[in-house]
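# Coordinate analysis (summary)
The chain contents come next:
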Amino acid sequence: MDAVRNNSHAAVIIGGVNMDICGKPDKRTVKRDSNPGVISAAPGGVGRNIAHDLRILGVEVSLISALGGDIYGKTLLESCEDLGIDTSMCAVFPDERSSTYMYITDEQGEMQLAVADMDITKRITPEYVAQYIEVINTFGAVVLDANLEQETLEYCARHITAPMYADPVSTAKAPRLINIVSSLSAIKPNLIEAQTLTGRIWPEDCAKALDAKRVFISLGSEGLLAREGEKLIKLSCERCRIVNTTGAGDAVMAAIIWAGLNSLSLENTAQCCIQAGMITCLSSEPNSEKLVKITENGGRNGKN
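A quick note: this is a predicted structure, and the numbers were derived from the prediction, not measured.

In terms of nonpolar packing, the biggest core is built from 50 residues, with Ile 13, Ile 50, Leu 54, Phe 216, Ile 257 and Trp 258 touching the most fellow members. With 10 residues, helix H8 (residues 248-261) is the largest single contributor of residues to this core. With residues up to four places along the chain from it excluded, the contact list for Ile 257 reads Ala 11, Ile 50, Leu 54, Ala 141, Val 143 and Tyr 165. Among the nonpolar cores identified, the runner-up in size contains 44 residues, and Ala 66, Val 129, Leu 177 and Ala 194 belong to it.

Right under this line is the structure:
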């Protein structure tokens, strides 16, 4: 990593990097049977996807993650470097397998079932993060995903002084964030994750109970709920034909971080989130180059 680079408007992502293997059937899925369709493999993972989207938005990005010495690990590193993502703080373990995420969608692109093999992420320990803590604290944004172990997340909350953002990843992993929410500049759960984190039912109650500086609760097709202080706003999203939902949440997280780096208001940040999610849902890829459109108006309107 370039030690003289100005990181005040850059982001460092600490989290998961996967090889994503997707199966999409041509027609309605028939369970317990072989379904004709398309199988694809591409670099993914919550941390990597957020990093990729931030690069599309013009943000300088560094990544802290763990990879194996297999062909997937090599491919993932090369893909990050091709995007201009700094990987000098990543760890490579030659005798271990890289993270792999295998999922099946329905014919509309909605994920139906997934298996995540992410044991190598446990290698990002508090001790590993500690060796880079001084550099991490020079960044304008530090992004944590809940693929990290709870002890690593809590170490980060205690020792990172830069603005922190977190993605709960899933209902199974969201509880790892419970003890650090108050340290966050922003958190982006979906409704089920927010309910898991707070024990509340209604979205507004969840938003008020989460004590991060900013809270953005994804409501799927119903839009987004955002809170800062006592201000609570809800935005709906336009109805559209969804091509693929994979990566939409990561794009929303990238929009939140980009907005934070550019000091956007809560309202404008929420508009950016809506635009980012819709752009990604309309793309066959989890990282759409059209995401750059949100930088053109800074969330001043909801048009795509």
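Now that the structure is up, let's keep going.
On to the pairing of strand E1 (residues 11-14). Of the two faces of E1, the one holding Ala 11 and Ile 13 and the one holding Val 12 and Ile 14 are both buried throughout. Here E1 runs beside strand E9 (residues 141-145); their pairing, made up of four bridges, is parallel. Its bridge partner lying in E9, Ile 13 is registered against Val 143.

With that out of the way, let us pick up the packing of H8 against helix H9 (residues 266-281). Here H8 crosses H9 at 150°, and the two axes come no closer than 8 Å. Comparing the axis directions of H8 and H9 gives the class roughly antiparallel. Handedness of the H8/H9 crossing: right-handed. Across from Ala 248, Ala 251, Val 252, Ala 255, Ile 256, Trp 258 and Ala 259 in H8, the residues of H9 making contact are Thr 269, Cys 272, Cys 273, Ala 276, Gly 277, Thr 280 and Cys 281. Its residues assigned to classes, the contact of H8 with H9 shows 11 nonpolar, three polar and no charged.

Considering only enclosed or pocket space, the second largest pocket measures out at about 470 Å³ in volume. As for the second largest pocket, its lining consists of 23 residues, of which Pro 25, Thr 29, Asn 35, Ile 104 and Thr 105 are closest to the centre. The set of elements that each furnish at least two residues to the lining of the second largest pocket consists of strand E2 (18-25), strand E3 (37-44), strand E7 (99-105) and strand E8 (111-117). In terms of residue count, E2 provides more of the lining of the second largest pocket than any other element does, five residues in total. Partitioned by chemical class, the residues of the lining of the second largest pocket number 10 nonpolar, six polar and seven charged.

Cut-offs used in this document
- As a convention, each chain's residues are numbered from 1 in the sequence order in which they are written.
- Residues qualify for local features only when their pLDDT is at least 70, as the model is predicted, and side-chain atom pairs are given and counted only at 80 or more; totals for whole chains, interfaces and linings, by contrast, use all residues.
- Based on all heavy atoms of the structure, the side-chain values leave hydrogens and waters out of the count.
- Remark: nonpolar core denotes a set of buried residues (Ala, Val, Leu, Ile, Met, Phe, Trp, Tyr, Cys) joined through side-chain atoms within 4.5 Å.
- Think of it in three bands: with a 1.4 Å probe and only protein chains considered, a residue is buried below 20% of the maximum accessible area for its type, exposed above 50%, and partly exposed in between.
- Helix numbering and strand numbering both begin at the N terminus, where a helix is a DSSP run of H or I of at least 4 residues and a strand a DSSP run of E of at least 2.
- We call two residues in contact when some of their heavy atoms are within 4.5 Å.
- Only strands that DSSP links by at least two bridges are regarded as paired with each other.
- Lines are fitted to the C-alpha atoms to define the axes, a helix being fitted only along its stretch in contact, and any angle between axes, read from their N-to-C directions, falls within 0 to 180 degrees.
- Orientation categories follow fixed angle ranges, with anything under 35 degrees roughly parallel, anything over 145 roughly antiparallel, 65 to 115 roughly perpendicular, and all other angles oblique.
- Helix crossings fall into two classes, left-handed where the near helix is turned counterclockwise from the far one by less than a right angle and right-handed where it is turned clockwise.
- Residues are sorted three ways: Asp, Glu, Lys and Arg are charged, Ala, Val, Leu, Ile, Met, Phe, Trp, Tyr, Cys and Pro are nonpolar, and all the rest, Gly among them, are polar.
- Cavities and pockets were defined on a 1 Å grid built from protein atoms only: a cavity is a group of points that admits a 1.4 Å probe but offers it no way out, a pocket is an open group of points flanked by protein on both sides within 12 Å along at least five of seven lines, and a lining residue is one with an atom within 4 Å of any such point.
- Grid points are joined across faces, edges and corners, and a volume is the space filled by probe spheres set on the points.

None of this, on its own, says anything about what the molecule does.
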